[in-house]
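# Breakdown of the fold
Listed here are the chains, written in short residue letters.
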Amino acid sequence: YAYPSYSLGATYDLSDLSTIRANFSRGNRAPGLSELVVDGLHNGAYRYEIGNIDLQEERSNSLDLGYQLQLENVAFDCSLYRNAIQDYIFLSPTGYTVEDYKVFEFNSTDAELSGLELGLSFRPNQIPGLHFSNALSYVRGRSVDGNLPLIPPLNLHSEVIYERPVF
């Protein structure tokens, strides 16, 4: 690689209950073999994929900021991030089909992935062993040509867990 990868981060305790954090990183990734030379059916994804021998290595700069609050029964976590990627490698629909399979090809573009992750969990004192947990994540993928394909939608994951207390 012509570009070094590194990460620099810091955390600061605002109080005994809350912390802020920041991280900057730079990285790179060479295209995988399948991204370069694949030409065939991908049964697991139900699509036909075509590689691109002209792909270059990805280079990225990422910044993320976070806040965490930990109370007796409640925990809250929030993270914001932005990742600027040169030569971002992605699958792009071609509009064609081969034997009823949609055809996708690997391409690259300069892109930005930005997003938000929120977490909230709660353990009520009145019911020992009960735990509510929620996580929300959102990512937006943009390039100079508009939105990137195959970016996951807004995701909300909730759990209710009960562990029988041992007396």
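Residues numbered from 1 in each chain as written. Predicted model: local features only at pLDDT ≥ 70, side-chain atom pairs only at ≥ 80, totals over all residues. Heavy atoms only, no water.

### Here's the deal with unusual backbone geometry
A positive phi angle is found at aspartate 87, which is not glycine, with a value near 60°. Tracing the backbone shows aspartate 87 in strand β6 (residues 74–98). With a phi angle near 60°, leucine 150 is a residue other than glycine that sits in the positive phi range. As for its placement among the helices and strands, leucine 150 is situated in the loop between β9 (146–147) and β10 (155–162). (Helix = DSSP H or I, 4+ residues; strand = E, 2+ residues; numbered from the N terminus.)

### Topic: the pattern of salt bridges
All told, the structure shown has six salt bridges when counted by the stated rule. In this structure, the salt-bridge partner of glutamate 35 is arginine 29, at a minimum N-O distance of 3.2 Å. Among the residues examined, glutamate 35 registers a relative accessible area of 12% and is labelled buried. Taking relative accessible area as the criterion, arginine 29 reaches 32% and is therefore assigned partly exposed. For glutamate 112, the salt bridge is made with arginine 82, and the minimal N-O distance between the two is 2.9 Å. A residue pair is termed long-range when its members are at least 10 positions apart, and glutamate 112 in strand β7 (residues 101–122) and arginine 82 in strand β6 qualify at 30 residues. (Salt bridge = Lys/Arg side-chain N within 4 Å of Asp/Glu carboxyl O. Buried < 20%, exposed > 50% of the residue type's maximum accessible area, 1.4 Å probe, protein only.)

### Section: the nonpolar core
Core analysis: the largest hydrophobic core is formed by seven residues, namely Ile85, Tyr88, Phe90, Ala111, Leu113, Val139 and Leu148. Those elements that place two or more of their residues in this core are β6 and β7. Take this core: its biggest share by element is three residues, from β6. Those residues within four positions of leucine 113 in sequence are excluded, and the remaining contacts are Tyr81, Arg82, Asn83, Ile85, Tyr88, Val139, Arg140, Gly141, Leu148 and Ile151. Grouped together as the second largest cluster of nonpolar side chains are five residues, Ile89, Leu91, Phe104 and Phe106 included. (Core = buried A, V, L, I, M, F, W, Y, C linked by side-chain atoms within 4.5 Å. Contact = heavy atoms within 4.5 Å.)

### So, the pairing of β7
The pairing of strand β4 (residues 47–50) with β7 spans four bridges and is classified as parallel. Looking at β7, one finds that arginine 47 is bridged to lysine 102. Following β6, the chain reverses through two residues before pairing antiparallel with β7; glutamate 99 in that reversal takes a positive phi of roughly 50°. Here twelve bridges tie β7 to strand β8 (residues 130–143), and the two strands are oriented antiparallel to one another. Following the sheet pairing, phenylalanine 122 is matched in β8 by phenylalanine 132. (Pairing = 2+ DSSP bridges.)

### Topic: the environment of threonine 97
Relative to the elements of secondary structure, threonine 97 occurs in strand β6. For threonine 97, a relative accessible area of 54% translates into the label exposed. Here the alpha-carbon distance between threonine 97 and arginine 47, two residues 50 residues apart in the chain, equals 8.7 Å.

### Focus: the side chain of threonine 19
Along the chain, the position of threonine 19 falls in strand β2 (residues 18–29). The contacts of threonine 19, once residues within four sequence positions are left out, are Thr11, Tyr12, Asp13, Leu14, Gly66, Tyr67 and Gln68.

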